[in-house]
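Coordinate inspection notes
Spelled out from the first residue to the last, the chains are:
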Amino acid sequence: MKRGLFIVFEGIDGSGTSTQATMLRDRFVQEEGSAVLTSEPSDGPVGTMIRQAMKGRIKFSSDSVAFDRQMAYLFAADRFDHLNNEVDGVLRFVSKGTHVICTRYFFSSYAYHCNDSESLSFVKGLNEDFPNPDLAVYLKNPVQRSMQRMANRSHKDAYENEQKLTLVANNYECIFAEYNGPVLILDAQEQPEVLHEKIYSHVRGLL
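Residues numbered from 1 in each chain as written. Predicted model: local features only at pLDDT ≥ 70, side-chain atom pairs only at ≥ 80, totals over all residues. Heavy atoms only, no water.

**Focus on the overall build of the protein**
A tally of regular secondary structure across the protein gives nine helices and five strands. Shown N-terminal to C-terminal, the secondary structure of the protein runs as helices and strands in the order β-α-β-α-α-α-β-α-α-β-α-α-β-α. Taken over the C-alpha trace, the protein has a radius of gyration of 16 Å; the compact-globule value for 207 residues is 17 Å, and the two agree within 12%. Its C-alpha atoms put the protein at 50 × 40 × 35 Å along the principal axes. Counting only contacts in the protein whose residues sit at least 6 apart along the sequence, the fraction spanning at least 24 positions is 75%. Of the roughly 10,400 Å² that the protein leaves accessible, carbon and sulfur atoms contribute 50%. Within the protein, the 27 negative side-chain charges are centred at a point lying 4 Å from the centre of the 22 positive side-chain charges. (Helix = DSSP H or I, 4+ residues; strand = E, 2+ residues; numbered from the N terminus. Rg over C-alpha atoms; globule rule 2.2 N^0.38 Å. Contact = heavy atoms within 4.5 Å. Areas by Shrake-Rupley, 256 points an atom, 1.4 Å probe, with all protein chains shown as cover. Lys, Arg positive; Asp, Glu negative; His and termini not counted. Charge placed at Lys NZ, Arg CZ, Asp CG, Glu CD.)

So, in structure tokens, the structure goes:
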């Protein structure tokens, strides 16, 4: 049986990763067969805790550096479960020939949970054993445009503010400048349909 692809979408909040991931999943289902859409934090037990913490329903440290470290631990635990659990784990799906499209992966931990070289080293240590995806799609979006897109959201999580997203955007630039795995970097300001066709054309070359 041919192995499925594991494709992840990355970008700051408001960059359109969910839209493009959904479009790719639907295209896969239509033209290639089996595909599933997932995300991190996952819908698993640890992922659910993370979502509650991001909303402020579960209280962690009020210190931003300590909060990032707590999140880094939780995301790594959720990521391990997301990849390896026997019910709906990513590796289970791809081994059976199902393509997995995921919004956010370990790149997000490097981008969102790191403030300096010390925290980057710490986060990389937590994530060093996780496999690279078959493709990372980075949607590069200006911070101001993301803030405009998110302006009408009824609730913003702990990271959806201009100061944090500016740091995250800079981290993403460093991450993908150094990353030596398969990556596709696109301008998130292009029309969704145009972006989708570029992404699908690239992915077709991996099949």
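**Some words on the packing of helix α7 (residues 143–150) against helix α8 (residues 162–178)**
Orientation of α7 relative to α8, taken along the N-to-C sense of each, is 135°, at an axis distance of 10 Å. Here α7 lies oblique to α8, going by the angle between them. In terms of crossing hand, the pair formed by α7 and α8 is right-handed. Residues Val-143, Gln-144, Ser-146, Met-147 and Met-150 of α7 touch α8, and the partners they reach there are Glu-162, Leu-165, Thr-166 and Ala-169. Here the contact of α7 with α8 is composed, by residue class, of five nonpolar, three polar and one charged. (Axes fitted to C-alpha atoms, helices over the stretch in contact; angles between N-to-C directions. Parallel < 35°, antiparallel > 145°, perpendicular 65-115°, else oblique. Left-handed = near helix turned anticlockwise from the far one by under 90°. Nonpolar A, V, L, I, M, F, W, Y, C, P; charged D, E, K, R; others polar.)

**Remarks on the environment of Met-150**
Structurally, Met-150 can be placed in helix α7. Considering only alpha carbons, one finds Met-150 and Gly-14, 136 residues apart in sequence, at a separation of 6.1 Å.

**Quick notes on the pattern of salt bridges**
All told, the structure shown has 11 salt bridges when counted by the stated rule. A salt bridge links Asp-26 to Arg-25; its shortest N-O distance comes to 2.7 Å. For Arg-25, a relative accessible area of 23% gives the class partly exposed. Across the pair Asp-68 and Lys-164 runs a salt bridge, and its minimum N-O distance is 3.1 Å. One end of the pair, Asp-68, is in helix α3 (residues 64–84); the other, Lys-164, is in helix α8, and 96 residues separate them in sequence. For Asp-68, a relative accessible area of 3% corresponds to the buried category. Look at the salt bridges and you will find they share partners, linking Glu-10, Asp-13 and Arg-104 into a network. (Salt bridge = Lys/Arg side-chain N within 4 Å of Asp/Glu carboxyl O. Buried < 20%, exposed > 50% of the residue type's maximum accessible area, 1.4 Å probe, protein only.)

**Focus on the environment of Phe-130**
Within the fold, Phe-130 resides in the loop between α6 (117–127) and β4 (135–140). Judged by its relative accessible area of 12%, Phe-130 is buried. Separated by 63 residues in sequence, Phe-130 and Phe-67 have C-alpha atoms that sit 22 Å apart. Apart from the residues lying within four places of it in its own chain, the contact partners of Phe-130 are Ala-76, Arg-79, Phe-80, Leu-83, Tyr-105 and Phe-106.

**Describing α6**
Of all the positions in α6, only Ser-119, Phe-122, Val-123 and Asn-127 are classed as buried. For α6, the angular spread of the buried residues around the axis is 125°, confining them to a single face. Among the exposed residues of α6, those pointing more than 90 degrees away from its buried face are Ser-117, Glu-118 and Ser-121. Looking at the buried residues of α6, the elements they touch are α3 and α5 (106–112). The opening residue of α6 is Asp-116, an N-cap whose side-chain oxygen sits 3.2 Å from the backbone nitrogen of Glu-118. (Arc of directions from axis to C-beta. Polar contact = N/O pair within 3.5 Å; in protein donor to acceptor, adjacent residues only side chain to side chain.)

**So, the packing of aromatic side chains**
Throughout the structure, instances matching the rule amount to 14 aromatic pairs. For the pair Tyr-172 and Phe-176, a centre-to-centre distance of 6.1 Å together with 10° between the ring planes defines the contact as stacked. Of the two residues, Tyr-172 and Phe-176 both sit in helix α8, four residues apart, roughly one turn of that helix. Here Phe-176 falls in the buried class, since its relative accessible area comes to 6%. Feature note: the residues Phe-6, Tyr-105, Phe-106, Phe-107, Tyr-110, Tyr-112, Tyr-138, Tyr-172, Phe-176 and Tyr-179 constitute an aromatic cluster, connected by ring pairs. In this structure, Arg-27 packs its charged tip against the face of Tyr-200, placed 4.1 Å from the ring centre. (Phe/Tyr/Trp six-rings, centres within 6.5 Å; stacked < 30°, edge-to-face > 60°. Lys NZ or Arg CZ within 6 Å of the ring centre and 35° of its normal.)

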